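Read off the chains here:
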Amino acid sequence: MRLWPWTRQPKPMHANQNAVQAHQDYEQYDAYSQLLNRNGQWIGVADTKAGAILAFLVVAFPVFAAPAFSVVRKVIKAVPHNATFWEHLPAAGIIALFALFLIAALVTLLRVLMTLTPRLTRQGKPGLIFFGDITCQEYNQWLQRILALDPQMLAHQILEQVYITACIADRKHKYVRQAIRVLIVTILLGFALYVLSQLMS
């Protein structure tokens, strides 16, 4: 007499369900990792642009500043001691132009440094994925905490890093955009000073 309605023993369903769940978790983590990598690439692009701006500024600043400084010295010496207000205006204009050039170059440098300076701390509760939080813990302590995470908490940690890296990339690109704009102003001011130096030489 047959006591079961099937001809062969069925496979346990929980094993298939676990495999499907594991596959879904892998696809989910892979999608999160791609977002994290993409944010990292955008951060790298911003750092590359900032490095190029810094290199250009280091090379171009002496080219414009050296002749401009000599022009400022000549203009100051050419003004007589008993000069009137109107006789001081050309010298004051050149000095103001040189001061604006220095300020623009300094602002460009600061924006570049703000882009390239890494942020090693973050607000909120320390996590288990951010490298700044990892290095603040002992290895065994971190290992025990990361292995005890369930898949949902691990996904939460990864998504938190996706958001943080997106904010970092956005901030870096804003600084780079500002640095490019101020660099253009610096170049224009430097070119004007260079032309004045050639006319007065």
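Our subject is the structure listed above.
These numbers come from a predicted model, not from an experiment.

**Focus: the pattern of salt bridges**
Opposite charge on two side chains makes pairing possible when the charged atoms of those side chains draw close. By the definition in use, this model includes two salt bridges. We note a salt bridge from lysine 172 to aspartate 47, for which the minimum N-O separation is 3.0 Å. With lysine 172 in helix 5 (residues 151-200) and aspartate 47 in helix 1 (residues 13-78), the pair connects residues that are 125 residues apart, well separated along the chain. Judged by its relative accessible area of 8%, lysine 172 falls in the buried class.

**Remarks on the nonpolar core**
Counting 15 residues, the largest nonpolar core has Val75, Ile94, Phe98, Phe101, Leu189 and Leu193 as its most contacted members. Put simply, the parts of the chain that give this core at least two residues each are helix 1, helix 2 (85-116) and helix 5. Of the residues forming this core, the biggest block, seven residues, is contributed by helix 1. Apart from the residues within four sequence positions on either side, leucine 193 is in contact with Ala68, Ile94, Leu97, Phe98 and Phe101. Grouped together as the second largest cluster of nonpolar side chains are nine residues, Ile53, Ala105, Val176 and Leu183 included.

Here is what the cut-offs are and how they apply
- Residues numbered from 1 in each chain as written.
- Predicted model: local features only at pLDDT ≥ 70, side-chain atom pairs only at ≥ 80, totals over all residues.
- Heavy atoms only, no water.
- Salt bridge = Lys/Arg side-chain N within 4 Å of Asp/Glu carboxyl O.
- Helix = DSSP H or I, 4+ residues; strand = E, 2+ residues; numbered from the N terminus.
- Buried < 20%, exposed > 50% of the residue type's maximum accessible area, 1.4 Å probe, protein only.
- Core = buried A, V, L, I, M, F, W, Y, C linked by side-chain atoms within 4.5 Å.
- Contact = heavy atoms within 4.5 Å.

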